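Structure assessment
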Amino acid sequence: DPQQLELATSGKRKLRRFIVIDEVVDELYGSKVREYFEENNVQHKILALPTTEETKSMDLVLNILQEVQNFSIDRRTEPIIAIGGGVCLDIVGLAASLYRRRTPYIRVPTTLLSYVDASVGAKNGVNFLQCKNKLGGYTPPVASFLDRSFIQSIPRRHISNGLGEILKMALMKHKGLFDLLKSHGKYLLDTKFQSYSGSADHGDAALQTTRIAIETMLEELAPNLWEDDLDRLVDFGHLISPELEMRVLPSLMHGEAVNIDMAFMTYVAHMRGLITAEEKEQIIQCMRGLELPVWHGGCSWPLIKRALRERLKHSGGQPRMPLPIGLGVAEIFNDTSEEILERAYKLWVRD
């Protein structure tokens, strides 16, 4: 908007920004963020908060909104900025969507998982009554700023955690991405997704991997942003994992729980004859290579049955089960019998 641009650059009115930053990210990068706003003469308020699965609640949303009200922002021209992992982006997105019915916000992901997952799409939300993301909405950000240099400071396990969601997109939609993960998985873990000149053997694996993951995610989400169609390939790994993740908090991270779900569903696909024993083994070995868990003691047969019952409740009475039918190709199935599921579970546990 030329008028807004004129107002912003004419010096008649000082630029103002309200920033919510995860407290761990604040310790690492807070001084740089403050320096940036000071150098650009932006009046700002930085709110550092503990944004974890355990604190992902309406209480934290209301805490943010109280601070936003105290700072007083223009709800059309002063977007709220969220800097942090997926939980931070989800919480701030919900707070922004509620404030004056809709205040623009910007996502700045700082973990690999949020870089390829939470930064894309329109969803936001918080946990409620021990259920993952039970409250939320669909309000897309005005922008997502992607900077892989944030990822260099996160622990190796967090990189592996993000690789779980990248592998999801590879298995559902892109054999080339699966091959990249098989060939360069350890390198990506070792280099923490940073791009280095002189790594000829690997090309720019970090850039290729993240770009393909985001592009395939956008292809899948863009035509169905508000989930009017409940048949979603991106739900692979998300049928059992919400129940498992909340049950064993904080022992499993999101991408790890998703991968355990994907590992089980790989066995289901094999038991149905959709993939060969060799393809199943390739998938499981790729998961191990990415240092992702392929099984967890908390993922019991009763938990799986309970999770699938929950799935029926919020997916229109159908399981809508995405399953691989090869490497990088998938379909959605509604006719997997309990007998197949139980046989797959027994084989999975045995292995």
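Residues numbered from 1 in each chain as written. Predicted model: local features only at pLDDT ≥ 70, side-chain atom pairs only at ≥ 80, totals over all residues. Heavy atoms only, no water.

1. What to know about the packing of aromatic side chains
Enumeration over the complete set of coordinates arrives at seven aromatic pairs. Aromatic pair Phe-264 and Tyr-345: ring centres 6.3 Å apart, planes at 75°, arrangement edge-to-face. Taken together, the residues span a long stretch of sequence, with Phe-264 in helix α10 (residues 254–271) and Tyr-345 in helix α13 (residues 338–350) at a distance of 81 residues. In this structure an aromatic cluster arises from ring pairing among Phe-264, Trp-301, Tyr-345 and Trp-348. (Phe/Tyr/Trp six-rings, centres within 6.5 Å; stacked < 30°, edge-to-face > 60°. Helix = DSSP H or I, 4+ residues; strand = E, 2+ residues; numbered from the N terminus.)

2. What about the domain arrangement of the chain?
Domain parsing of the chain yields domain 1 (13–151) and domain 2 (155–350). The distance between the C-alpha centroids of domain 1 and domain 2 comes to 27 Å. The interface of domain 1 with domain 2 comprises 21 residues on the first partner and 31 residues on the second. Here domain 1 and domain 2 share an interface that buries about 2,200 Å² over both sides, 68% of which is from carbon and sulfur atoms. Our enumeration of links across domain 1 and domain 2 arrives at two salt bridges. Note that Lys-132 is salt-bridged to Glu-245, the shortest N-O span being 3.4 Å. Counting the contacts that link domain 1 with domain 2 gives six residue pairs in polar contact (both at pLDDT 80 or more). (Domains from an automatic or database assignment. Contact = heavy atoms within 4.5 Å. Buried area = accessible area lost by both parts, 1.4 Å probe. Salt bridge = Lys/Arg side-chain N within 4 Å of Asp/Glu carboxyl O. Polar contact = N/O pair within 3.5 Å; in protein donor to acceptor, adjacent residues only side chain to side chain.)

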